[in-house]
Amino acid sequence: MNTFKRSLFIVGFGLALAACNDSASTEMQTDALVEAEEEVDAHIDVVEQRLAACNSKDWAKWEALHVTDATRTAPDLAEPLTSAAAMRTDIEELVVTFPDYHLELVEAFGLGDKLVARIHTKGTMLGPIDFNGFEVPPTGKSFEQDWVAILTFEGDKIASIDEFYDNYGTMVQLGLAQ
């Protein structure tokens, strides 16, 4: 996780606050900044726990990091997934297709209950995959890609995740498109 950018933001914001003449106001603003940074760090920690749970296939831990009615949108979903249980079923099916599926947090930043994360993923298609009711056999080929998620939190749990990635590029790497 690259904390350099976050540190630069904090230093820059702190310098801007230091320029204020009202010391009480500056102290309140500094306290608010520290509190906001702690909230973002806590959210990043939840994302790191989610990725670790996925990588170790600890589905109970993975599901527990979400509110019960969490939602997920993604390019390959016709409709949003609308519960932590539905999201869990989806990821469990994905690792049948890609048993070595691995996720790694590249960077993240946020404010309030929002967090933006860039995640690197890779896997090898060793199981079949279902495309709109049509089963595609394994290709044995691997893929790697970076993707972005916008997460919304309720307290220390994920309430929604909107994912953005290049589905076509993944299909090309897997030999399923040209």
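Above: the structure in question.
Since the structure is predicted, the reported quantities are computational estimates derived from the model, not experimental observations.

Analysis parameters
Residues numbered from 1 in each chain as written. Predicted model: local features only at pLDDT ≥ 70, side-chain atom pairs only at ≥ 80, totals over all residues. Heavy atoms only, no water. Helix = DSSP H or I, 4+ residues; strand = E, 2+ residues; numbered from the N terminus. Buried < 20%, exposed > 50% of the residue type's maximum accessible area, 1.4 Å probe, protein only. Contact = heavy atoms within 4.5 Å. Areas by Shrake-Rupley, 256 points an atom, 1.4 Å probe, with all protein chains shown as cover. Patch = residues over 30% accessible without salt bridge, like charges linked within 9 Å, V, L, I, M, F, W, Y side chains within 5 Å. Salt bridge = Lys/Arg side-chain N within 4 Å of Asp/Glu carboxyl O. Lys, Arg positive; Asp, Glu negative; His and termini not counted. Charge placed at Lys NZ, Arg CZ, Asp CG, Glu CD.

S.K.: Teacher, can you tell me more about the overall build of the chain here?
M.R.: If you tally the helices and strands in the chain, you get five helices and seven strands. In the chain, which comprises 178 residues, the proportion classed as buried is 34%. A separation threshold of at least 6 residues defines the contact pool for the chain, and within that pool the share at least 24 residues apart is 54%. Summing over all exposed atoms, the chain offers an accessible surface of approximately 10000 Å²; the carbon and sulfur share of this is 57%.

S.K.: Would you explain unusual backbone geometry in this entry?
M.R.: Glycine aside, residues mostly have negative phi, and peptide bonds are mostly found in the trans state. The backbone of Lys57 shows a phi angle near 60°, a positive value even though the residue is not glycine. Examined against the element boundaries, Lys57 turns out to sit in the loop between helix 2 (23-55) and helix 3 (59-64). Since its relative accessible area comes to 35%, Lys57 is described here as partly exposed.

S.K.: Help me understand a negative patch on the surface in this model?
M.R.: A cluster of like negative charges, contributed by Glu27, Asp31, Glu35, Glu38, Glu39, Asp69, Asp113 and Glu154, occupies part of the molecular surface. Counting residues per element, the negative patch draws most heavily on helix 2, at five residues. With respect to the helices and strands, the residue Glu154 is situated in strand 6 (residues 142-154).

S.K.: Can you walk me through a nonpolar patch on the surface in this structure?
M.R.: On the surface, a cluster of nonpolar side chains totalling about 230 Å² of accessible area is made up of Val148, Ile150 and Phe164. With respect to the secondary-structure elements, Val148 resides in strand 6.

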